[in-house]
Amino acid sequence: MAEIIVVTSGKGGVGKTTSSASLASGLARRGKKVAVIDFDVGLRNLDLIMGCERRVVYDFVNVVNGEASLKQAMIKDKRFDTLYVLAASQTRDKDALSREGVERVLKELSDDGFDYIVCDSPAGIEKGAFLAMYFADTAVVVVNPEVSSVRDSDRIIGLLQSKTRRAENGERVAEHLLLTRYSPARVETGEMLSIADVEEVLGLKTIGVIPESSDVLNASNKGEPVILDMESSAGQAYDDAVARILGETRPMRFTQTEKKGFFSKLFGG
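Below or above, wherever it landed, is the structure these notes cover. (Residues numbered from 1 in each chain as written. Predicted model: local features only at pLDDT ≥ 70, side-chain atom pairs only at ≥ 80, totals over all residues. Heavy atoms only, no water.)

Check the secondary structure of the protein chain and you find 13 helices and eight strands. In terms of principal-axis extent, the alpha carbons of the protein chain reach across some 70 × 40 × 35 Å. Put simply, the protein chain has 269 residues, and 53% of those count as buried. Nonlocal contacts in the protein chain, meaning residues at least 24 apart in sequence, comprise 75% of its contacts between residues at least 6 apart. Accessible surface computed for the protein chain: about 12400 Å², of which carbon and sulfur atoms make up 48%. (Helix = DSSP H or I, 4+ residues; strand = E, 2+ residues; numbered from the N terminus. Buried < 20%, exposed > 50% of the residue type's maximum accessible area, 1.4 Å probe, protein only. Contact = heavy atoms within 4.5 Å. Areas by Shrake-Rupley, 256 points an atom, 1.4 Å probe, with all protein chains shown as cover.)

Encoded structure:
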């Protein structure tokens, strides 16, 4: 039985697709069979970050509407044999997805032996976002540590706790907080909320803290999930988050400003 993970947020531009790509790649790197699905019908960015945009022939909507089989639409990642991408449609609108169609695709993936299905949700609370979260077992709520992002995510958490299949069955979706674009230096100057501030407002525990880094944009431009760049702090932070999803205990890194040593202070380094 596949575990369905929705990567969601209330606000756009916080790093959901970057996070979906990295989490899926990190799980596949550990030998898990993973499908990552783009629910953002009409926009479609996941295939760009995964570096497979030129290989898209059929998309998620084609499969839901019975215009193509799942095997025809799934794109096998070039880096990991156990990782597959299902792209969104750029030419349909948000109403092209149906609950029955999405459920059928998720069931087929589960029956095909996938360990994890990562659902890359569009921002907000419209139909695509609702369908991305409805069948979820686990939610990774992506938040930038600033007030508007936190406020919008609070509404998403309310929906996870009331409008999902698990909620209808009297159960709970396992919710985790993923903080992106975190800068300890800006937290110290009061420009940014701290990890503790965000956890207190949202009532969630942090599964990962991704530092603010130009490596994220550079990786996206190259069509590579940043988790594959293990020289970068962002790549290492995503790897830590994947380890925690799998139940490992790891210290939370990149959450403190680096203290200057004696010689750095002396020579202004």
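More follows now that the structure is in view.
This part takes up the pairing of strand 1 (residues 3-8). Counting buried residues in strand 1 gives five out of six residues, a clear majority hidden from the surface. As paired strands, strand 1 and strand 6 (residues 138-143) are joined by four bridges and run parallel to one another. Of the residues in strand 6, the one forming a bridge with Val7 is Val140. (Pairing = 2+ DSSP bridges.)

Moving on to the sheet that holds strand 7 (residues 174-182). The strand order across the open sheet built from eight strands is 3-4-2-5-1-6-7-8, with neighbouring strands paired in mixed fashion. Each of the sheet's edge strands pairs with one partner strand only, and the pair in question is strand 3 (75-76) and strand 8 (206-211). Against the sheet, helix 1 (residues 16-29) makes contact with strand 1, strand 2 (34-38), strand 4 (83-86), strand 5 (116-120), strand 6 and strand 7, and its axis sits at roughly 170° relative to strand 5, the strand it touches most. (Axes fitted to C-alpha atoms, helices over the stretch in contact; angles between N-to-C directions.)

Right, let's talk about the nonpolar core for a bit. The biggest cluster of nonpolar side chains holds 46 residues, and the ones touching the most others in it are Phe39, Phe60, Leu86, Leu97 and Leu109. In contact with Phe60, other than residues within four places in its own chain, are Ile37, Asp38, Phe39, Leu86, Ala87, Ala88, Leu97, Val102 and Val105. Core analysis: the next-biggest nonpolar cluster, separate from the first, contains 37 residues, Ala28, Val34, Leu178 and Ala237 among them. (Core = buried A, V, L, I, M, F, W, Y, C linked by side-chain atoms within 4.5 Å.)

This brings us to the state of the cysteines. Enumeration over the complete set of coordinates arrives at zero disulfides. Summary of cysteine pairing: Cys119 is not part of a disulfide, and the nearest cysteine sulfur, belonging to Cys52, is at 16 Å. (Disulfide = S-S within 2.5 Å.)

The next point concerns helix 6 (residues 127-134). The buried fraction of helix 6 is high, at six of eight residues. Along helix 6, the residues that are buried comprise Gly128, Ala129, Leu131, Ala132, Met133 and Tyr134. Between the side-chain oxygen at the start of helix 6 and the backbone nitrogen of Gly128 there is a gap of 2.8 Å, and the oxygen is on Glu126. (Polar contact = N/O pair within 3.5 Å; in protein donor to acceptor, adjacent residues only side chain to side chain.)

Another aspect to go through is the packing of helix 7 (residues 147-160) against helix 10 (residues 195-202). Packing of helix 7 against helix 10 leaves a shortest axis separation of 10 Å and a crossing angle of 35°. For the pair helix 7 and helix 10, the crossing hand works out as right-handed. Seen from helix 7, the contacting residues are Val150, Ser153, Asp154 and Ile157; seen from helix 10, they are Val198, Val201 and Leu202. Here the contact of helix 7 with helix 10 is composed, by residue class, of five nonpolar, one polar and one charged. (Left-handed = near helix turned anticlockwise from the far one by under 90°. Nonpolar A, V, L, I, M, F, W, Y, C, P; charged D, E, K, R; others polar.)

What follows deals with the pattern of salt bridges. Enumeration over the complete set of coordinates arrives at 20 salt bridges. Taking the shortest distance from any N to any O, the salt bridge between Asp152 and Arg151 comes out at 3.9 Å. Of the residues examined, Asp152 reaches a relative accessible area of 27% and is grouped as partly exposed. On the basis of relative accessible area, Arg151 is assigned to the exposed category, the value being 58%. A salt bridge links Arg250 to Asp239, with the shortest nitrogen-to-oxygen separation between them at 3.1 Å. In this pair, Arg250 sits in the loop between helix 12 (233-245) and helix 13 (262-267) while Asp239 sits in helix 12, placing the two residues 11 residues apart along the sequence. Ionic contacts of the salt-bridge type, sharing partners, join the residues Arg29, Arg30, Asp239, Asp240, Glu248, Arg250 and Arg253 into one network. (Salt bridge = Lys/Arg side-chain N within 4 Å of Asp/Glu carboxyl O.)

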